[in-house]
Amino acid sequence: MHDPLTGAAANRRQFLALAGLGALAASGALAGCSDPKASGPGTTSQSELSKILPNYIPNTAVTPDVAGVQGANGAVSDAVFLKYPSSPVKTVASMPGKGGTYTTMTPLWGAIPPSSGNGYYDAVNAALGITLKMQPADGNTYGDKLPPLFAADKLPDWIQIPGWNTATLNFGQAVSKFVDLSPFLAGDKIKDYPNLANIPGGAWQAGVWNGKLYGLPVYPGGAGITGTYFFRRDIFEKLGINPDSIKTPDDLAALGKQLTSTSAGQWAFDDLVGDDAAYASQLFHFPNRWGVDDAGKLIHKYESPGLIEALNWHAKLVKDGVVHPDAVAGKNQDAKQRFWSGKVTVNSDGTGAWNGDDAKSGTAANPAYRRGAFKLMSSKGAPTVELQPGAGMFAYLNAKLSGDQVKELLAVANYLAAPYGSAEWLVVNYGKENETYTMKEGNPVLTERGGKEVATSFQFLVTPPTPTTVQSGFVDVAKDYGAWQGDMVKYAVKPLFFAMNITEPSQYSSIGQAVKDTMKDVKVGRKPISAFEDAVKAWRSQGGDALRSFYDDIRNKFGTGQ
Amino acid sequence: MTVHESAPAKPALIAVEEAGREALPAGRSRRGLSRWGKVKRDRSLLLMTLPAVLLLVVFSYVPMFGTVTAFQAYDIFNGFAGSPWVGFSQFQRLFTDPIFWHALQNTLVLSGVQLVLYFPIPIALALLLNSIMSSKVRSLVQGIVYLPHFFSWVLVVTIFQSVLGGAGPLNSYLREHGMATWDIMTNPETFKYLVTAQAIWKEAGWGIIVFLAALAAIDQNLYEAAAADGAGRWRRLWHITLPGMRGVIVLLLVLRLGNALTVGFEQMLVQRDAVGRDASEVLDTFTYYYGVVGNNFSYGAAAGLFKGVLSLVLILAANKVAHMFGEDGLYRR
């Protein structure tokens, strides 16, 4: 697996020149800043980083059916496996745990499984030789639960915190509640944990705060993006629509009338903007956080002209009556059901939505169900897509643990990080054979009991590099997704402050709320675009401009991470 | 917590028996008791209130110390002791925040609409229910109107959305028959009536319990005597039933006014995206979004404290009005 972050230090002046030419995609091997400070509000200079990051020692025991595709700017698509190796290798010689009991907390986007009498939890814990008390919590409101947890000092022993939640948590300071893992894992020390060493250095980078390594990477990958636009491939095929002919937002909008049949309870689109305009940013070329304008000045997403285009575009769709009324009413938690049942034909979602489990739910609603994703669309010129750090979520160990306890948990982490194709991976992801899963046509499939008890939980504590695999027996889904991702990575660009872990001053943590609220009003046409412009004006004076100079400072001291 | 809840339970039970035994001698020596004597006399009653007092202390008074954060720039990592004092600057920011004033305005408007449209409904329902003679029919009706009380707001809003929403049967029917659709769930202008309708559907049935109890306490002989004197149905209602319920109605009205600034947090939260912030932001959601979610606890605490003070003023004023009308209100003057 290629490490997407090697040699990515950016020289500011050179970067500005490149940005001025609109050639963001071309940043090659650049020199670091001349006078780098070691670490700042959360972030770490490139020279410090190289001392802390664990060395990458890839495990080559299993070869994928389709190798990862090398894309632009260090992006690389996930390898594709169509069959689980028939004789899985063992990567951990002895039982890692020493019988300790630890509490955990992980997010979960799905039904929370029973905690007592859960055969899956018991099977994994038995293999680990340890008792990890799993406490999955609703992923949609996870970020709201974290501040009170820190405030009450009730952190569990091992907790997962998604990268998008650290921004409002004053995380540069918060990490002091967690164990500094650099003495255990930096450089060659990681050799004690060969499965952790199989995770590329780039994946660890966003787990580094203030010059120390704190986070264990969760779902590392070289092609992480915010999300994309999906369509019902079966419906498109029936209507004879060629998805490759849809290249711009206007092309997409033009499908609206054809795909809407209100008498049948069918609408063309779900919400296509996304929370905080996360999905529309790719479509309309605006940054997800900060970008630069033609003069090299930092501009926030809220100030980008592309965002206004996106809001206008979506408000028109709503006005034309081609967006499902429940989506207009903000009932986003039912978006998947609407898509599965065919009440909506096109929606936006995270790329994680495209897997065998989705096909299982979809075909249960309609046997012909097949998900497809448009090739990247663009409002002008060639499409681009912002690459996310090598891992978007990290898990942390509580600083109250003793050194021995930390070592025990790292040994457990080494087991949990066993790569795809190993015997341990099957245990961690599926539990016990013939109880929670069975092998079917060379791939593991959950049993009825497994369907109730197995949930993504241990994987959120640390995850090996994640290939695209066959789930629930849907081989085509793995192939479709692999092919789409292999094309997508060609358009990847690194956003400003890529994987830099910057802690914003906490007094600005709530200034974005009013803008987000107004965006929701504007995108469904409840308020005119001028209301949004007013909200952005207020945002600037309440701290947006101060944030800009804060980030200008970061850019001067540490570069842009590109 | 469990210690507080369970420990006093047993003594309280014993106390009930003792209270029964000692009722007479206590009544006889009413005057001239020392303070200790009064405590001794009322010990069983005091014991009975103990669990409730403990709950109040643990869950209301102790957390009240948290309001000091309203005068700090509270940081979750430094705690109460380590956070700097900023005096009234959180309040200064609050009072110059148009979003806060808008939330307060929304809260008052919603409260007013609910007072006018919601408050009389349980009284009317109780009167209607009371006039049903067949006890079977009565308990059936009661069961049906109680039921929605046990639904969560998420469920109630989902039911409303799937029936009255843009993709629900009502609008599908209108569309099929070539009529204009009726935008009920996402219209910010009529949102206040929508939430009141939801509140009535969910809570009105439950609200009749107290009124039914008040009705049961009215002496049946009065009705018979009035009927014998030739009073009709409406006269009996006006001269016997309503005066009999007046004390309870006034008490509930006073309590309702004290709660005027609490108009349903969850209900607003789950419908926020449907109608937008302008229509749905109330004080509680303001505190949540700008305090808890934004990790700005001091700001949220300032908004919460302001709401508490305002509620206290309201409840005292309402109580005063109740006294002016010769009712007990919250306590006897």
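**Side note on the overall build of chain B**
Broken down by element type, chain B carries 18 helices and zero strands. Oriented by its inertia axes, the alpha-carbon framework of chain B measures out at about 70 × 65 × 40 Å. Contacts spanning at least 24 positions in sequence make up 66% of the contacts within chain B whose residues lie at least 6 apart. Counting every atom, chain B has about 19300 Å² of accessible surface; 67% of that belongs to carbon and sulfur. Side-chain charges of chain B comprise 27 positive and 21 negative groups, with the mean position of each set lying 11 Å from the other.

**Points about the overall build of chain A**
Helix and strand counts for chain A stand at 23 helices and 18 strands. Rg of the C-alpha trace for chain A: 23 Å, near the compact-globule value of 24 Å for 562 residues, within the 12% margin. When the backbone C-alpha atoms are referred to their principal axes, chain A occupies close to 60 × 60 × 45 Å. Every one of the 562 residues in chain A was classed for burial, and the buried ones make up 58%. By sequence separation, contacts in chain A at least 24 residues apart represent 78% of the contacts at least 6 residues apart. When the accessible surface of chain A is totalled, it reaches about 21800 Å², and 52% of it is carbon and sulfur. Here chain A carries 52 positive and 52 negative side-chain charges, and the mean point of each set is 1 Å from the other.

**With respect to helix α22 (residues 512-523) of chain A**
End to end, α22 of chain A covers 16 Å across twelve residues, agreeing with the expected 16 Å (1.5 Å per residue, within 8%). Of all the twelve residues making up α22 of chain A, ten are buried; the element is thus mostly covered by neighbouring parts of the structure. All of the buried residues along α22 of chain A are G512, Q513, A514, V515, D517, T518, M519, D521, V522 and K523 of chain A. For α22 of chain A, the secondary structure elements touched by its buried residues are α14 (305-319) and α23 (529-558) of chain A together with α7 (98-117), α15 (265-275), α16 (277-280) and α17 (283-293) of chain B.

**Examining the nonpolar core**
Residue and element names in this part refer to chain A. By size, the foremost hydrophobic cluster in this structure holds 53 residues, and its most contacted members are L252, F269, V346, F374 and F497. When contributions to this core are tallied by element, the ones reaching two or more residues are β8 (228-232), β9 (267-269), α13 (280-283), β10 (290-292), α14, α15 (325-328), α22 and α23. The biggest single contributor to this core is α23, with eight residues. What F269 contacts, discounting residues up to four positions off in sequence, is L252, A253, G256, L317, V322, V323, H324, V344 and V346. Core analysis: the second largest hydrophobic core is formed by 47 residues, V92, F184, V218 and V462 among them.

**Describing the interface of chain A and chain B**
Put simply, an interface is often sized by how much accessible area is lost when its parts join up. Counting from both sides, the interface comprises 31 residues of chain A and, opposite them, 32 residues of chain B. When the two sides are added together, the surface that chain A and chain B hide from each other amounts to roughly 2700 Å², 51% of it contributed by carbon and sulfur. Taken together, chain A and chain B are joined by four salt bridges. On inspection of chain A and its partner chain B, the count reaches nine residue pairs in polar contact (both at pLDDT 80 or more). For the side of chain A that touches chain B, the secondary structure elements donating two or more residues are α4 (142-151), α6 (171-174), α15 and α22 of chain A. Element by element, the count of residues in the side of chain A that touches chain B is highest for α22 of chain A, at six residues. Partitioning the side of chain A that touches chain B into residue classes produces eleven nonpolar, eleven polar and nine charged.

**Comments concerning the domain arrangement of chain A**
All names here are of chain A. For chain A, the assigned domains read domain 1 (44-223 + 392-473) and domain 2 (228-386 + 510-558). Inter-centroid distance (C-alpha atoms) of domain 1 to domain 2 is 30 Å. Buried surface at the junction of domain 1 and domain 2, both sides included, amounts to about 430 Å², of which 47% is carbon and sulfur. Sorting the residues of domain 1 by area buried against domain 2 places S45, Q471 and S472 first, and these three jointly supply 70% of that buried surface. Run the count over domain 1 and domain 2 and you get three residue pairs in polar contact (both at pLDDT 80 or more). Its residues assigned to classes, the side of domain 1 that touches domain 2 comprises no nonpolar, four polar and no charged.

**Some remarks on unusual backbone geometry**
Glycine aside, residues mostly have negative phi, and peptide bonds are mostly found in the trans state. Residues and elements named next belong to chain A. Positive phi, close to 70°, is recorded for N434, a residue that is not glycine. Inspection of the secondary structure puts N434 in the loop between α19 (423-430) and β16 (437-440). Judged by relative accessible area, which is 61%, N434 ranks as exposed. One non-glycine residue, S472, lies in positive phi territory at about 55°.

**Points about the sheet that holds strand β13 (residues 371-373) of chain A**
Residue and element names in this part refer to chain A. On the basis of which strands lie adjacent, the open sheet formed by four strands has the order β9-β12-β8-β13 and mixed pairing. On the outer flanks of this sheet lie β9 and β13, each paired with one strand and no other. Going across the sheet, the axis of each strand differs from the next one's by a mean of 30°, ignoring polarity. As paired strands, β8 and β13 are joined by three bridges and run antiparallel to one another. Across the sheet, the residue bridging to F231 is G372, located in β13.

**Some thoughts on the environment of F100 of chain B**
All names here are of chain B. Note on placement: F100 falls in helix α7. The class of F100 is buried, set by a relative accessible area of 0%. Between the alpha carbons of F100 and L330 there is a distance of 30 Å; along the sequence they are 230 residues apart. Excluding anything up to four places from it in sequence, F100 contacts L94, F95, L283, F286, A303 and F306.

**What about the packing of aromatic side chains?**
Tallied over the full model, the rule gives 52 aromatic pairs over all chains. Aromatic pair F81 of chain A and Y420 of chain A: ring centres 4.6 Å apart, planes at 45°, arrangement tilted. With F81 of chain A in the loop between α2 (46-52) and β1 (101-108) and Y420 of chain A in the loop between α18 (403-416) and α19, this pair connects stretches of sequence that are 339 residues apart. Overall, the relative accessible area of 4% leaves Y420 of chain A in the buried class. Taken together, F71, F88, F91, F95, F100, W101, F286, Y290, Y299 and F306 of chain B form an aromatic cluster joined through their ring pairs. Above the face of the Y299 of chain B ring, R93 of chain B is positioned so that its terminal group lies 3.9 Å from the ring centre. In this arrangement the basic side chain of R272 of chain B is found over the ring face of Y289 of chain B, its NZ or CZ atom lying 3.8 Å from the centre.

Conventions we followed
Residues numbered from 1 in each chain as written. Chains lettered and ligands numbered in written order. Predicted model: local features only at pLDDT ≥ 70, side-chain atom pairs only at ≥ 80, totals over all residues. Heavy atoms only, no water. Helix = DSSP H or I, 4+ residues; strand = E, 2+ residues; numbered from the N terminus. Contact = heavy atoms within 4.5 Å. Areas by Shrake-Rupley, 256 points an atom, 1.4 Å probe, with all protein chains shown as cover. Lys, Arg positive; Asp, Glu negative; His and termini not counted. Charge placed at Lys NZ, Arg CZ, Asp CG, Glu CD. Rg over C-alpha atoms; globule rule 2.2 N^0.38 Å. Buried < 20%, exposed > 50% of the residue type's maximum accessible area, 1.4 Å probe, protein only. Expected span 1.5 Å × (residues − 1). Core = buried A, V, L, I, M, F, W, Y, C linked by side-chain atoms within 4.5 Å. Buried area = accessible area lost by both parts, 1.4 Å probe. Salt bridge = Lys/Arg side-chain N within 4 Å of Asp/Glu carboxyl O. Polar contact = N/O pair within 3.5 Å; in protein donor to acceptor, adjacent residues only side chain to side chain. Nonpolar A, V, L, I, M, F, W, Y, C, P; charged D, E, K, R; others polar. Domains from an automatic or database assignment. Pairing = 2+ DSSP bridges. Axes fitted to C-alpha atoms, helices over the stretch in contact; angles between N-to-C directions. Phe/Tyr/Trp six-rings, centres within 6.5 Å; stacked < 30°, edge-to-face > 60°. Lys NZ or Arg CZ within 6 Å of the ring centre and 35° of its normal.

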